[in-house]
Amino acid sequence: MPLLRPGGQSYQGVKRMALAVEMKNITKTFYGMKANDDISFQVEKGEIHALLGENGAGKSTLMNILFGLYQADQGEILIHETPAKISDPQMAIDLGIGMVHQHFMLVDNFTVLENIILGAEPRKRMSIDYNKASKEIETLSNQYGLKINLNSQVRDISIGMQQKVEILKTLYRGADILIFDEPTAVLTPQEIQELTSIMKNLTSEGKTVILITHKLKEILTIANAVTVIRRGKVCDTLRVKDTNEVELAEKMVGRKVTLQLNKDEKEREGLVLSLRDVRAKDNRGLDALHGIDLEVYGGEIVGIAGVDGNGQSELVEVITGLRQAQSGEMILAGNNISGLHTRQIHEKGIAHIPEDRHRLGIVMDMTLSENLVLNSYFKKEFNKRGLLNEKSIKAHARKLIDKFDIRTPSESAKIRALSGGNQQKAVIAREIEGDPKLLIAAQPTRGLDVGAIEFIHRQILNERDEGKAVLLVSFELEEILSLSDRIAVIYEGRIVGIVDPKETTEQELGLLMSGRSARKETVE
Amino acid sequence: MNFNMKKHNIGVPFVSIILAMLVGAVAMLLAGYNPVSAYASFFDGIFSSPYLMGETIRQVTPLIFTGLAVAFAFRTGLFNIGAEGQFLVGQLAAVAVGIFFKLPFFLHIPLAILAAAIAGGLWGAIPGYLKAKRGVHEVITTIMMNWIAFILTNYLIRTYMKAESERSMDIQPTASISFEWLSDLFQGARIHLGIVIALLFAFLMYFLLWRTKQGFELRAVGSNSLAAKYAGMNVKRNIIKAMFISGALAGLGGASEGLGVYGYMTISSVFPGVGYDGIAVALIGSNTSIGVILGAILFGALTFGAQNMQMASDVPYEIIRIVIAFIIFFIASSDIAKSILGLLRKIPLRSRKGGA
């Protein structure tokens, strides 16, 4: 539908720019908790406006209200300075609002073209007019520099490409206000650069972009303005050129934060884990690991850098016994652990913080204390001739709650009731408490806020300082760079390079991660 | 912990029962019956004499067993539709031991009951094995196993233990769990020791699930099998174990019927239905031991009271099946009951405000 253009005078010359979005005094309460508390928020037409906040600060809630997924309890929304009532996503789309979700909403075995037009297909009598659709999409993709092959199946294209499909989907539906929800979380540095230029193209063509993020650097390079939200309230709205990383971080968290980790030098100790030519298949039966060679020593953190889906999950699963290797040798402190069961491997001294805590790390329907003994419930301390010793299980839980500062109503609360950060603390407490030789931490801070991330990084460094070997798998390059003593880059199931974090750059890592072999820097 | 039903869980079944009875009343009115006198004779048929109460308990007993069987499987993440077949093979095993063994009662009864548990357990473990090792969904296999059990038990009775009529021979008196002193307490009703065994196993199920290492594993596997695997548990073995225990519980129900009520097993042309009713009982009882007991009482009482309603006020038995169906419907769509509960909570609040 055609949009009412606001008064022409505000376009040129006049100080005040036209507003694309204005949200006034938005309040939204969930179960008595104010997710949005009297939030007012303005986005000028043609700018890239970042919405910064920790997890649970209320930025997603606010954008879901704008996109019609939730209704505000109070407050008012104006789109292009006209009051709008948005009660479902279709109304938002009709008003020219599009959302690129963090988890893509694509049909894997449809082509790019089919995905873009899905639900908005142009018709020719009884059938779909594919020609018309592909012409329109090609015009759009040329206009905004979104190059993509319309006939590929979505499951065959990279994550970065899939994101372009999502962007085209919103443009095809006539969006001129685009909301991006944490768009860089899954991208390589090169893909992030490309996305940045796409966003700039969009705004130079008159579109407006709202960017939900918790990454400070990203805001400084991409956005024009930033609104910081903390605990459901707006702290401040700033022009990006007038601010810096430290100021933004403090506003976001509400206290001074140390962005730089204090990492002491540490001599590495004896060899703990060594992998020789380890090969494994993925769930579909395709080769996922093509002969991995890797060594991890005591007192060092080895970071595995790579784009999601290059064999990281399979590598961790093989080491922890969750997946059988096809061939190869795995030695833990002199013992061959190939072919052992998960429990035997755990008992030999490998602790594992899994990449997906909801699926693997915890049992939501069980209590915190039960979750804290999930892999030790059978030990003498907790189990007497088949009967559980509830007293010692609870005492154990109380000890860990104190030691790791897990915020919970009680040790008998269902772990479901805890926040994501505290659930992760519980997992880490359980794994570290077993005094492992090797700690495998896979995406240990995914989805957590700055405060929890700080705590968890500290714990991982402590393990290293105590002489434990640590294998860190992460898609966040910053995390890899700041924690690791050595970085192994994984690409298509191979370690394609081992680099020293002090002597490398994000650019170089990015090239390695995308399979383009840079000058090989092997550090021993 | 979960032995006591949580507060909010009691409200929903209760409201559902009332709603379902209202629907039943409407059905009666439409069909030209008087719902008030029908429900009066219905309740008379359950509570009005020790004999009727004893018979109600008889009706409730097998439902506790099959309800526990389904609830136990649910707790461990499995949908056991095969309680029916496990019940039948359990009954056959118990009756066969009852017929062919000559032992003193203190050995004969336990042996017959044990045989039933093992038979039902194995009947459940086969789908468990197929699920664990071959990934075959237990809903499919347990349904198929029901038919196999149905035909197999009829065949075995007809071939090896047939009496004059279409039933097996009688069990030895030493294997019977029906006692005259107990029947006499209830004016000769067919109540038997099975109810005590049922309550005992309801407690054992609670104890196993919530107090033992094995139960911890079963619950973990049931709620999140990936996390259980990650924590080093043997998921496949636990699935087979869970199905064995579930099947054993249903098999015990068969023993209780065979040794307690009849003393023989009939060649039947239809399924007894207690296994399928067990699914509804587990649902009503939200898969807790105490809930299953209450659900079985409700179900058994409704079924038994309906027979009296038919005799006393000529209202057809099927009306009560409608009521039962609607109880399940309202519990399954618990939002309806919850919204009514919500309204009920609001009313006193409003009147208080108005008074102030």
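These figures come from a predicted structure and were not determined experimentally. Each chain has its residues counted from 1, running along the sequence as written. For naming, the first written chain is A and the first written ligand is 1, with later ones following in the order written. Per-residue local features of the predicted model are confined to residues with pLDDT of at least 70, and side-chain atom pairs are confined, for both listing and counting, to 80 or more; whole-chain, interface and lining totals are unaffected and use all residues.

1. Details of the overall build of chain B
Numbering of helices and strands runs from the N terminus; a helix is a DSSP stretch of H or I covering at least four residues, while a strand is a stretch of E covering at least two. Across its full length, chain B holds 15 helices and 0 strands. By the compact-globule yardstick of 21 Å for 356 residues, chain B fits well, its C-alpha radius of gyration being 22 Å. If you line up chain B on its principal axes, its C-alpha atoms span 75 × 60 × 35 Å. Looking at chain B residue by residue over its 356 residues, the buried ones come to 50%. Once C-beta atoms are placed from the backbone, any two residues with those atoms within 7 Å are in contact. Nonlocal contacts in chain B, meaning residues at least 24 apart in sequence, comprise 79% of its contacts between residues at least 6 apart. Our radius of gyration looks at C-alpha atoms and nothing else; its globule reference is 2.2 Å times the residue count to the power 0.38. Backbone-placed C-beta atoms define the burial measure: a residue is buried with 20 or more other C-beta atoms within 10 Å of its own, exposed with 12 or fewer, and partly exposed in between.

2. Quick look at the overall build of chain A
When you go through chain A residue by residue, the secondary structure sums to 17 helices and 24 strands. Taking 524 residues into account, the globule formula puts the C-alpha radius of gyration at 24 Å, and chain A, at 25 Å, falls close to it. Viewed in the frame of its principal axes, chain A has a C-alpha envelope of about 75 × 50 × 50 Å. For chain A, with 524 residues in total, the buried portion stands at 43%.

3. Quick notes on the interface of chain B and chain A
One widely used convention gives an interface's size as the accessible area the parts lose upon coming together. With 15 residues of chain B at the interface, the matching set in chain A holds 22 residues. At the level of elements, helix H9 (213–223) and helix H10 (225–230) of chain B are the ones that each hand at least two residues to the side of chain B that touches chain A. The biggest single contributor to the side of chain B that touches chain A is H9 of chain B, with 6 residues. Put simply, Ala, Val, Leu, Ile, Met, Phe, Trp, Tyr, Cys and Pro go in the nonpolar bin, Asp, Glu, Lys and Arg in the charged bin, and everything else, Gly too, in the polar bin. Class assignment of the residues belonging to the side of chain B that touches chain A gives a composition of 6 nonpolar, 5 polar and 4 charged.

4. Here we look at the domain arrangement of chain A
All names here are of chain A. Note that the domain bounds reflect an automated or database-derived domain assignment. Assigned domains of chain A: these are domain 1 (19–96 + 176–253), domain 2 (102–158) and domain 3 (271–363 + 436–513). Between domain 1 and domain 3, the residue contacts involve 10 residues of the former and 13 residues of the latter. Those elements that provide at least two residues to the side of domain 1 that touches domain 3 are helix H6 (189–204) and helix H8 (245–253). Among the elements that make up the side of domain 1 that touches domain 3, the one with the highest residue count is H8 (3 residues).

5. Remarks on the packing of helix H3 (residues 50–75) of chain B against helix H13 (residues 289–313) of chain B
Residue and element names in this part refer to chain B. H13 packs onto H3 with a crossing angle of 135° between their chain directions and a minimal axis gap of 7 Å. As summarised for this structure, H3 and H13 are arranged oblique, according to the angle between their axes. By crossing handedness, the relation of H3 to H13 is classed as right-handed. Listed contacts from H13 to Glu55, Thr56, Gln59, Val60, Leu63, Ile64, Gly67, Leu68 and Ala71 of H3 are Val292, Ile293, Gly295, Ala296, Ile297, Phe299, Gly300, Ala301, Thr303 and Phe304. Among the residues making up the contact of H3 with H13, the classes are represented as 12 nonpolar, 6 polar and 1 charged. Lines fitted to the C-alpha atoms define the axes, with helices restricted to the stretch that makes contact. Angles between their N-to-C directions range from 0 to 180 degrees. Comment on the angle field: the value is read as roughly parallel under 35 degrees, roughly antiparallel over 145, roughly perpendicular from 65 to 115, and oblique elsewhere. By convention, the crossing between two helices is left-handed when the near helix turns anticlockwise from the far helix through less than a right angle, and right-handed when the turn is clockwise.

6. A look at the nonpolar core
General note: in soluble globular proteins, nonpolar side chains tend to be found buried as a group. To define a nonpolar core, we join buried Ala, Val, Leu, Ile, Met, Phe, Trp, Tyr and Cys residues through C-beta atoms within 7 Å and take the resulting set. Of all hydrophobic cores here, the largest spans 183 residues; its most connected members are Ile440, Leu472 and Val489 of chain A together with Leu68 of chain B. Filtering out sequence-adjacent residues up to four positions away, Leu68 of chain B remains in contact with Phe201, Ala202, Met205, Leu249 and Val292 of chain B. Counting residues in hydrophobic clusters, the runner-up holds 64 residues, among them Met99, Val165, Leu202 and Ala223 of chain A.

7. With respect to helix H8 (residues 194–211) of chain B
Residue pairs three or four apart in sequence face the same way in an α-helix, which turns once every 3.6 residues. Residue and element names in this part refer to chain B. To estimate the expected span of a helix, subtract one from its residue number and multiply by 1.5 Å. Between the first and last C-alpha of H8 there are 25 Å, a value that for 18 residues agrees with the 26 Å anticipated at 1.5 Å per step. Among the residues of H8, Gly194, Ile197, Ala198, Phe201, Ala202, Met205 and Leu209 are the ones counted as buried. In a view along the axis of H8, the buried residues occupy a sector of 145°, so they form one face of it. Looking at the buried residues of H8, the elements they touch are H3, H9, helix H11 (235–262) and H13. The reported arc concerns the directions from the helix axis to the C-beta atoms and nothing else.

8. Here we look at the confidence of the model for chain B
Residue and element names in this part refer to chain B. Values of pLDDT, which run from 0 to 100, indicate the predictor's confidence residue by residue. Summary statistics for chain B give a mean pLDDT of 87 and a share of 94% for residues scoring 70 or more. Within chain B, the lowest mean pLDDT, 61, falls on helix H15 (residues 334–355), and the highest, 96, falls on helix H4 (residues 83–100). Scored as a whole, the predicted complex attains pTM 0.77, and scored at its interfaces, ipTM 0.81.

9. Comments concerning the sheet that holds strand E22 (residues 469–474) of chain A
Residues and elements named next belong to chain A. The strand order across the open sheet built from 6 strands is E18-E21-E22-E15-E23-E24, with neighbouring strands paired in mixed fashion. Two strands close off the open sheet at either side, each with one partner strand: strand E18 (350–353) and strand E24 (494–499). Across the sheet, the mean angle from the axis of one strand to that of its neighbour is 20°, orientation sign disregarded. Sheet topology places E18 next to strand E21 (residues 438–442); 4 bridges connect them, and they run parallel. Residue pairing across strands places Ile350 opposite Leu438, the latter belonging to E21. Strand contacts of helix H14 (residues 420–433): E18 and E21, with the helix running at about 175° to E18, the strand carrying the most contacts. Those strands touched by helix H15 (residues 450–465) are strand E15 (301–305), E21 and E22, and its axis lies near 150° from that of E22. Two strands form a pair only when DSSP identifies at least two bridges running between them.

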